[in-house]
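The primary structure of each chain is shown beneath.
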Amino acid sequence: MHVHFIIHESFEAPGAYESWAIGKGNHVTYSRVYEGEALPSSVDDIDFLIVMGGPQDPATTLEECPHFDAKAEQAVIASAVRAGKAVIGICLGSQLIGEALGASFAHSPEKEIGKFPVSLTQAGQQHELFSHFGHTLEVGHWHNDMPGLTPDATVIAHSEGCPRQIVAYSDLVFGFQCHMELTPEVVELLIAHSEKDLGRAGEYRFVHTPAQLRAHDYREMNQALFTFLDKLAGRYNQSH
């Protein structure tokens, strides 16, 4: 399969998503927009489109961030959805999926940075791609916002601080507000970029200190993510 990543910043690295894509022997390509790399001109030869996070939001303008073209990314996402590709968005990427499908993003009730449990909804527990998550699963978080919901969207998981942690937009399109891709290496990149937020950790219910972030074991959630991706790849291959 051909897996294409849209990456907005060097510190919002694809982590476990990239490990899975490479480990499975897929053809992996990138649009590192922070380095000026172009978005795909066509999605015809892409099987999985994975849109990563970033400090921007879908309302960020080109004047505010010249390397981030929200409308152009939404057009690529919409094209991939129409073409029946597998599309995954993480954090900002999940919000861009919602926007591309006509659902506006919103601010999350709580800022979340750290590792906290998400609870699966009844629909999530019954969903074949998430059945291995159990009722709750501890996952990574690093956000202020959350994706919008289309009329056909299904909330798969929520947390105490955010009601839209995982959203199924269709059989092949999923938004993850949570960061299941975090690894110790990715966490170090984020810590280095987030000194201001982390310095105020005590002001928020769901913001961990750098020491807490470094102490977490992220392997269980990475494995849960790998299983989800395997299942999604199987579903995609059956549909093609």
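Structure's up top.
Residues numbered from 1 in each chain as written. Predicted model: local features only at pLDDT ≥ 70, side-chain atom pairs only at ≥ 80, totals over all residues. Heavy atoms only, no water.

1. Some words on the environment of Gly36
In this fold, Gly36 is placed in the loop between β2 (27-32) and β3 (48-51). Through-space distance from the C-alpha of Gly36 to that of Phe68 is 9.5 Å; in sequence the pair is 32 residues apart. (Helix = DSSP H or I, 4+ residues; strand = E, 2+ residues; numbered from the N terminus.)

2. Let's talk about the packing of helix α1 (residues 15-23) against helix α8 (residues 219-239)
Between two packed helices, both the angle of their axes relative to each other and the distance between the axes serve to describe the pair. Across the interface, α1 lies against α8 with an axial gap of 10 Å and an inter-helix angle of 50°. Put simply, α1 runs oblique to α8. Along this stretch, α1 crosses α8, giving a crossing that reads as right-handed. Contacts between α1 and α8 pair Ala16, Tyr17, Ser19 and Trp20 from the former with Asn222, Leu225, Phe226, Leu229, Asp230 and Ala233 from the latter. Of the residues belonging to the contact of α1 with α8, the class tally is seven nonpolar, two polar and one charged. (Axes fitted to C-alpha atoms, helices over the stretch in contact; angles between N-to-C directions. Parallel < 35°, antiparallel > 145°, perpendicular 65-115°, else oblique. Left-handed = near helix turned anticlockwise from the far one by under 90°. Contact = heavy atoms within 4.5 Å. Nonpolar A, V, L, I, M, F, W, Y, C, P; charged D, E, K, R; others polar.)

3. Description of helix α3 (residues 92-100)
Taken across its nine residues, α3 has seven buried, putting it largely inside the fold. Listed as buried for α3 are Leu92, Gly93, Ser94, Gln95, Leu96, Ile97 and Gly98. On the buried face of α3, the contacting elements are β3, α2 (70-82), β4 (86-90), β6 (136-146) and β9 (173-176). (Buried < 20%, exposed > 50% of the residue type's maximum accessible area, 1.4 Å probe, protein only.)

4. Examining the pairing of strand β5 (residues 106-120)
Relative to β6, β5 is paired through ten bridges, and the arrangement is antiparallel. In the sheet register, Val118 faces β6, and the bridge partner there is Leu137. Inspection of the sheet shows β5 paired to strand β10 (residues 206-207) by two bridges, in the parallel sense. Bridge assignment links Ile113 to a residue of β10, and that residue is Val207. (Pairing = 2+ DSSP bridges.)

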